[in-house]
Amino acid sequence: MPLKHGESESDFIRRVTARMTPPLVPELQLHLAEESIALWEKTEEALEAVGLPPPFWAFAWAGGQALARYVLDHPDTVRNKSVLDFAAGGGIAGIGAAKAAAARIEASEIDDFAVAAIQLNAALNGVDLIAANEDVVGVDKGWDVVLAADVFYEDALSKRIETWLQRLHDRGATVLIGDPGRHFLPQHKLECLAEYEVPVTRDLEDREIRNARVWKFKD
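Residues numbered from 1 in each chain as written. Predicted model: local features only at pLDDT ≥ 70, side-chain atom pairs only at ≥ 80, totals over all residues. Heavy atoms only, no water.

A word on the packing of aromatic side chains. Using the criterion set out here, one finds six aromatic pairs in the structure. Where Trp 57 meets Phe 113, the ring centres are 6.4 Å apart and the plane angle is 10 degrees; that geometry is what we call stacked. Here Trp 57, found in the loop between α2 (36-49) and α3 (62-73), pairs with Phe 113, found in helix α5 (residues 112-124); they are 56 residues apart in sequence, far enough to count as distant. Residue classification places Phe 113 among the buried positions, given a relative accessible area of 2%. One aromatic cluster in this structure is built from Phe 56, Phe 59, Trp 61 and Tyr 153. (Phe/Tyr/Trp six-rings, centres within 6.5 Å; stacked < 30°, edge-to-face > 60°. Helix = DSSP H or I, 4+ residues; strand = E, 2+ residues; numbered from the N terminus. Buried < 20%, exposed > 50% of the residue type's maximum accessible area, 1.4 Å probe, protein only.)

Now for the side chain of Glu 109. Within the secondary structure, Glu 109 is located in strand β4 (residues 104-109). We note that Glu 109 is buried and unpaired, the nearest opposite charge coming from Arg 160 at a distance of 12 Å. Ignoring any residue separated from it by four or fewer positions in sequence, one finds Glu 109 in contact with Ala 87, Ala 88, Gly 89, Ala 114, Val 115, Ile 118, Ala 132, Asn 133 and Glu 134. (Lys, Arg positive; Asp, Glu negative; His and termini not counted. Salt bridge = Lys/Arg side-chain N within 4 Å of Asp/Glu carboxyl O. Contact = heavy atoms within 4.5 Å.)

Moving on to the pattern of salt bridges. Evaluated as defined, the whole model comprises 15 salt bridges. A salt bridge links Asp 150 to Arg 182; the nearest nitrogen and oxygen atoms lie 3.4 Å apart. Taken together, the positions of Asp 150 in the loop between β6 (145-149) and α6 (155-170) and Arg 182 in the loop between β7 (174-179) and β8 (190-199) put the pair 32 residues apart, joining distant regions of the chain. Accessibility classification places Asp 150 together with Arg 182 in one group, the buried group. A salt bridge links Glu 162 to Lys 189, with the shortest nitrogen-to-oxygen separation between them at 2.6 Å. Highlighted residues: Glu 162 in helix α6 and Lys 189 in the loop between β7 and β8, separated in sequence by 27 residues. Judged by relative accessible area, Glu 162 falls into the buried class, the value being 14%.

Right, let's talk about the nonpolar core for a bit. The tendency in soluble globular proteins is for nonpolar side chains to be buried side by side. Counting 40 residues, the largest nonpolar core has Val 78, Val 83, Leu 129, Leu 147, Tyr 196 and Val 214 as the members making the most contacts within it. Looking at this core, the elements with two or more residues in it are β2 (30-32), α3, α4 (92-99), β4, α5, β6, β8 and β9 (209-217). Among residues more than four places away in sequence, those in contact with Leu 129 are Gly 94, Ile 95, Ile 105, Ala 107, Ile 118 and Ala 122. (Core = buried A, V, L, I, M, F, W, Y, C linked by side-chain atoms within 4.5 Å.)

This part is about α5. The periodicity of an α-helix, 3.6 residues per turn, causes residues three or four positions apart to be oriented the same way. The first and last C-alpha atoms of α5 sit 18 Å apart over 13 residues, in line with the 18 Å expected at 1.5 Å per residue. At the N-terminal boundary of α5, the capping side chain belongs to Asp 111, with an oxygen 2.9 Å from the backbone nitrogen of Phe 113. Once α5 ends, the next one or two residues include Gly 126, with phi positive near 70 degrees. (Expected span 1.5 Å × (residues − 1). Polar contact = N/O pair within 3.5 Å; in protein donor to acceptor, adjacent residues only side chain to side chain.)

Next up, the structure:
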């Protein structure tokens, strides 16, 4: 399913997704894949043609749903604060933070399709956030809160992310991690704040329910 001539990233996303409600956060709507494997294969082909990553932005992953649920249920965590939604995917956690009255939300991703998906999803939910194609690992812009969902799935990258998030925590940021049991999550450094049973796509997760937790670094 390649890009059509003259088609923008936003047009492509609208064409290959549908407006859907993530099961754990029914307050939100997102542009998501209806047929997960078919869309993954088709969009991955299109993205590979232009050297971009697979379409993580087209799915409401369990960790992101858990983080969004947590900030919606605990709005004081983000209210009137500056927030980074790191490796935001489709922006579900950042949109949750916006609904919980965060003052400013930045959503970082590393491809233009994801940035377009975040912008479309923010507009769909009537919230404002800043989406940017930027690798922010190692960067500190003074955020009050950093949201990181489903990021501990690759060894070398996980170590970089862990070191960076630990440093942000140590200087006083609230770092919240949403994770459904990914292999490289540094659990020995973390404290669990909440736990959710999240309906997920069997095609991608090999199960219909994932246990997702929200964590923070131990003091």
